[in-house]
Amino acid sequence: MAVTTQQLLQWKQQGRSIVALTAWDYAIAQILDATGVDLILVGDSMAAVLGYETTLPITLEEMLLHAKAVRRGVKQALVVVDLPFLTYQESLQQAMHSAGRVLKETGAQAVKLEGGYPAMVETITRLVQAGIPVMGHVGLTPQSVHQLGLRQQGKTEEAAERILQEAIALEQAGVFAIVLEHIPANLAMQITQKLAIPTIGIGAGNYCDGQVLVTADVLGLTQKQPPFAKVYTNLRETISKAVQDYAAEVRERKFP
Ligand code: KIV
Ligand code: NA
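Residues numbered from 1 in each chain as written. Chains lettered and ligands numbered in written order. Predicted model: local features only at pLDDT ≥ 70, side-chain atom pairs only at ≥ 80, totals over all residues.

Quick notes on the site of ligand 1
Consideration 1: Every residue close to ligand 1 is listed here: Thr22, Leu41, Gly43, Asp44, Ser45, Asp82, Val179, Glu181, Ile202, Val212 and Val214.
Consideration 2: Here the shell around ligand 1 is built from residues that sort into five nonpolar, three polar and three charged. (Near = placed C-beta within 6 Å. Nonpolar A, V, L, I, M, F, W, Y, C, P; charged D, E, K, R; others polar.)

Here's the deal with the environment of Thr5
Consideration 1: You can see Thr5 is positioned in helix 1 (residues 5–14).
Consideration 2: Along the primary structure Thr5 and Phe176 are separated by 171 residues, whereas in three dimensions their C-alpha atoms are 6.2 Å apart. (Helix = DSSP H or I, 4+ residues; strand = E, 2+ residues; numbered from the N terminus.)

Concerning the UniProt feature "binding site: Mg(2+)" (unreviewed entry) in the protein chain
Consideration 1: If you check UniProt for "binding site: Mg(2+)" (unreviewed entry), the listed places come out as Asp44, Asp82 and Glu114 in our numbering. Spanning 71 residues, the annotated positions come together in the fold, the maximum distance between their C-alpha atoms being 11.0 Å.
Consideration 2: As for its placement among the helices and strands, Asp44 is situated in the loop between strand 2 (39–42) and helix 3 (47–50).
Consideration 3: Excluding anything up to four places from it in sequence, Asp44 contacts Thr55, Ile58, Met63, Asp82 and Pro84.
Consideration 4: Take Glu114: it is sitting in the loop between strand 4 (110–112) and helix 6 (118–129). (UniProt positions renumbered as here; feature names shortened; annotations may be inferred. Contact = placed C-beta atoms within 7 Å.)

Topic: the UniProt feature "active site" (unreviewed entry) in the protein chain
Consideration 1: Mapped onto this numbering, the UniProt entry annotates "active site" (unreviewed entry) at Glu181.
Consideration 2: Within the element layout of this structure, Glu181 appears in strand 6 (residues 177–181).
Consideration 3: Discounting residues that sit within four places of it in the chain, Glu181 has contacts with His137, Gly139, Leu140, Ile202, Gly203 and Ala204.

Below you can see the structure in the form of structure tokens.
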């Protein structure tokens, strides 16, 4: 049975941890889906595999292209697509248009928007009312890198309280789940206990209802990973070795 947003809520209630990873193309999506990943995020973090320094340059067209490829590779997982920087902050109309294109053109089930400030909560409320499932994202929001850097957020009591209130406001706006990025574990725990909807943590400790990582980090494809990432295998090395072997065989006329 394909994963739904309601299923995620049930899993929280049952205490079954949600497994989420990012994907950027068909092959990766197929592997993750066949392995039983619950939620596949077409994150704008794919900026890294497109050679961008930050997530800011990614366009909606690029997200749509990759989201379509990912969606074609997925049978079970819930597919969520990031709306890129300045394709939803300008106005409700812009957000509706961008989210609508994602759902209509890619077949993904949901979108993710960064931020829990009042104007964003208002936008998300209206998207949800229009029938668009939305995942929230608070704490470190990489689209604000030029304001926040990539530092942990919510370290002072005041900042922690603000993030908690943002999470509560997003739940009231109707998000089906919320990403908590790079915040102290005890703050993530507090939010997770307070909210009925599932929290998906990244660099937010053990207590969240699920975890997400950037697949390019997990596979060792990125040259630099954030401190909270875990590199489970080094595909850069594996690929480099295969290419060296191939090159040697071609040069020695051993292949084909
Ligand atoms: O773009 C991304 O990969 C994300 C996750 C880190 C949640 O937004
Ligand atoms: Na993102």
